[in-house]
Amino acid sequence: MPKLFRDRTLPARCPFCRAEFQRPVEVEGDQWYDFAAGSCRCGAVFAHDPTARNGGAVFLQALLMVADGDMDRAMGLAEGVDYDVGYVPKYNLELHRLEPNSFGTLYFVRLRALAGD
Ligand SMILES: [Zn+2]
């Protein structure tokens, strides 16, 4: 990899705990989970929007995942009360790093009940 290119990327880190996390993977077995997703050791879950155009649907998936797939529960959660949201823009799935010309975004959701664990 050319040095110039390498120097323009940054490691992808969790917006909540700043830890590096595992690359998102396809989620099997649920019709709602269209996007690659993963979780951080701090309890945050995230979903990957590869185009920067699916934001609402990707965020909804992350919210649904944090609610264990329970749509009623997910809809009953309030941002800033029950959970916090974080974004990781310029995410490049192939590199699993932040890269200035990439359009991917990771949407993070973490329940407040998990904070401090
Ligand atoms: Zn984290």
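As a starting point, this report considers the structure included with it. (Residues numbered from 1 in each chain as written. Predicted model: local features only at pLDDT ≥ 70, side-chain atom pairs only at ≥ 80, totals over all residues. Heavy atoms only, no water.)

### Notes on the sheet that holds strand E4 (residues 83-92)
- Strand order in this open sheet of 6 strands is E1-E5-E4-E6-E3-E2, and the pairing throughout is antiparallel. What marks the edges here is a single partner per strand, and that holds for strand E1 (10-11) and strand E2 (37-39).
- Here 3 bridges tie E2 to strand E3 (residues 45-49), and the two strands are oriented antiparallel to one another. Across the sheet, residue Ala 37 finds its bridge partner in E3, namely Ala 47. (Pairing = 2+ DSSP bridges. Helix = DSSP H or I, 4+ residues; strand = E, 2+ residues; numbered from the N terminus.)

### Description of the coordination of the zinc ion
- With distances of 2.2 to 2.3 Å, the protein atoms coordinating the zinc ion are Cys 14 (SG), Cys 17 (SG), Cys 40 (SG) and Cys 42 (SG).
- If you look at the zinc ion, its 4 donor atoms make angles of 101 to 114° with each other, and the shape they trace is tetrahedral.
- Sequence positions of the residues that donate to the zinc ion give the spacing C-x2-C-x22-C-x1-C. Taken together, the residues Cys 17 in the loop between E1 and E2 and Cys 42 in the loop between E2 and E3 connect sequence positions 25 residues apart. (Donors = N, O, S within 2.8 Å, 3.2 Å for Na, K, Ca; no water. Tetrahedral: all angles 85-135°; square planar, octahedral: opposite > 155°, others 65-115°.)

### Digging into the pairing of E3
- With respect to burial, E3 is a largely interior element, 5 of its 5 residues being buried.
- Every second residue of E3 is oriented toward a common face, with Val 45, Ala 47 and Asp 49 on one face and Phe 46 and His 48 on the other, all of them buried.
- What sits between E2 and E3 in their antiparallel hairpin is a turn of 5 residues, with Gly 43 showing a positive phi close to 105°.
- Alignment of E3 against strand E6 (residues 104-111), held across 5 bridges, turns out to be antiparallel. By the bridge assignment, Ala 47 is partnered in E6 with Tyr 107. (Buried < 20%, exposed > 50% of the residue type's maximum accessible area, 1.4 Å probe, protein only.)

### With respect to the nonpolar core
- In this structure, Val 45, Leu 63, Val 66, Leu 77, Tyr 83 and Val 109 are the most contacted members of the largest nonpolar core, which totals 19 residues.
- Element by element, the count of residues in this core is highest for helix H2 (residues 55-66), at 6 residues.
- Aside from chain neighbours lying at most four places away, what touches Val 66 is Val 45, Arg 73, Leu 77, Val 109 and Leu 111.
- Ala 44, Phe 46, Leu 98 and Leu 106 belong to the second-largest nonpolar core, a separate cluster that totals 12 residues. (Core = buried A, V, L, I, M, F, W, Y, C linked by side-chain atoms within 4.5 Å. Contact = heavy atoms within 4.5 Å.)

### Re the packing of aromatic side chains
- All chains considered together, the criterion is met by 5 aromatic pairs.
- Taken together, a centroid distance of 4.8 Å and an interplanar angle of 50° make the contact between Phe 21 and Phe 46 tilted. On the criterion of sequence distance, the pair formed by Phe 21 in the loop between E1 and E2 and Phe 46 in strand E3 is long-range, its members being 25 residues apart.
- With a centroid separation of 5.3 Å and 85° between ring planes, the pair formed by Tyr 87 and Tyr 107 is classed as edge-to-face. Here the residue Tyr 87 occupies a position in strand E4, and Tyr 107 occupies one in strand E6, the gap between them amounting to 20 residues.
- Taken together, Phe 21, Phe 46 and Phe 108 form an aromatic cluster joined through their ring pairs. (Phe/Tyr/Trp six-rings, centres within 6.5 Å; stacked < 30°, edge-to-face > 60°.)

Purely spatial values, then, with no claim about function.
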